[in-house]
Amino acid sequence: QLQLVESGGGLVQPGGSLRLSCAASGFTLNYYTIGWFRQAPGKEREGVSCISSSGGSTDYADSVKGRFTISRDNAKNTVYLEMNSLKPEDTAVYYCAAKPLLSAQAMCLIKTEGGGLEVWGQGTLVTVSS
């Protein structure tokens, strides 16, 4: 079956760094646009960063520009989110999702699950606190 598994979450101090991984199982990510989303306590889910299938196009939320970097290694069937200069407001459950035939910008605008050809992970918790 098609699965995405996030890993790398945990507790980190403000100003610290963390690297999240999203590994695909049961399918290849080569033809999928990938997005990282997060949902903070009491807030709506938001697109954080997305990357096209080729890796040639990326999109970032204004709140993370210059601090986060999305990348992919299709040979390893994995997508990464490098998170630097972390702030307490970055605390959230982070999810990755995959969908083909979509621009990075459009991917980051997805608000709900259940759309056709979408695969979502279960999420990994990132807590930024001293």
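Cut-offs applied
Residues numbered from 1 in each chain as written. Predicted model: local features only at pLDDT ≥ 70, side-chain atom pairs only at ≥ 80, totals over all residues. Heavy atoms only, no water. Helix = DSSP H or I, 4+ residues; strand = E, 2+ residues; numbered from the N terminus. Rg over C-alpha atoms; globule rule 2.2 N^0.38 Å. Contact = heavy atoms within 4.5 Å. Areas by Shrake-Rupley, 256 points an atom, 1.4 Å probe, with all protein chains shown as cover. Buried < 20%, exposed > 50% of the residue type's maximum accessible area, 1.4 Å probe, protein only. Pairing = 2+ DSSP bridges. Axes fitted to C-alpha atoms, helices over the stretch in contact; angles between N-to-C directions.

Draft legend 1. Inspection of the overall build of the protein chain at higher detail. The secondary structure content of the protein chain amounts to one helix and 11 strands. Along the chain direction, N to C, the helices and strands of the protein chain fall in the order β-β-β-β-β-β-β-β-β-α-β-β. Over its C-alpha trace the protein chain gives a radius of gyration of 13 Å, about what one expects of a compact globule, namely 14 Å for 130 residues. The principal-axis extent of the C-alpha atoms belonging to the protein chain is close to 40 × 30 × 25 Å. A fraction of 61% describes how many contacts in the protein chain between residues 6 or more apart in sequence connect residues 24 or more apart. For the protein chain, the computed accessible surface area is about 6500 Å², with 49% contributed by carbon and sulfur atoms.

Draft legend 2. Molecular detail of the pairing of strand E8 (residues 78-83). Counted residue by residue, E8 has five buried out of six residues, so it is predominantly covered. Judged from the six bridges that link them, strand E3 (residues 18-25) and E8 form a sheet pairing that is antiparallel. Across the sheet, Cys22 pairs through a bridge with Val79, a residue of E8. Where strand E7 (residues 68-73) and E8 come together, six bridges link them in antiparallel fashion. Considered in E8, the bridge of Ser71 is made with Tyr80. Between E7 and the antiparallel strand that follows it, E8, lie four residues; Asn77 among them carries a positive phi value of about 55 degrees.

Draft legend 3. Here's a closer look at the sheet that holds E3. Strand order across the open sheet formed by four strands is E1-E3-E8-E7, with antiparallel pairing between neighbours. The outermost strands of the open sheet, each flanked by one partner alone, are strand E1 (3-7) and E7. Sheet twist, expressed as the average angle between the axes of neighbouring strands with direction ignored, equals 15 degrees. Here E1 runs beside E3; their pairing, made up of five bridges, is antiparallel. Directly across from Leu4, in E3, lies its bridge partner Ala24.

Draft legend 4. Seen up close, the pairing of strand E4 (residues 32-39). Counting buried residues in E4 gives seven out of eight residues, a clear majority hidden from the surface. As judged from the eight bridges shared by E4 and strand E9 (residues 92-100), these two strands associate in the antiparallel manner. Along E9, the bridge assignment pairs Tyr32 with Pro100. Alignment of E4 against strand E5 (residues 46-51), held across five bridges, turns out to be antiparallel. Residue pairing in the sheet places Ile34 in a bridge with Ile51 of E5. Where E4 folds back onto E5 in an antiparallel hairpin, the turn is made up of six residues, including Gly42, whose phi is positive at roughly 75 degrees.

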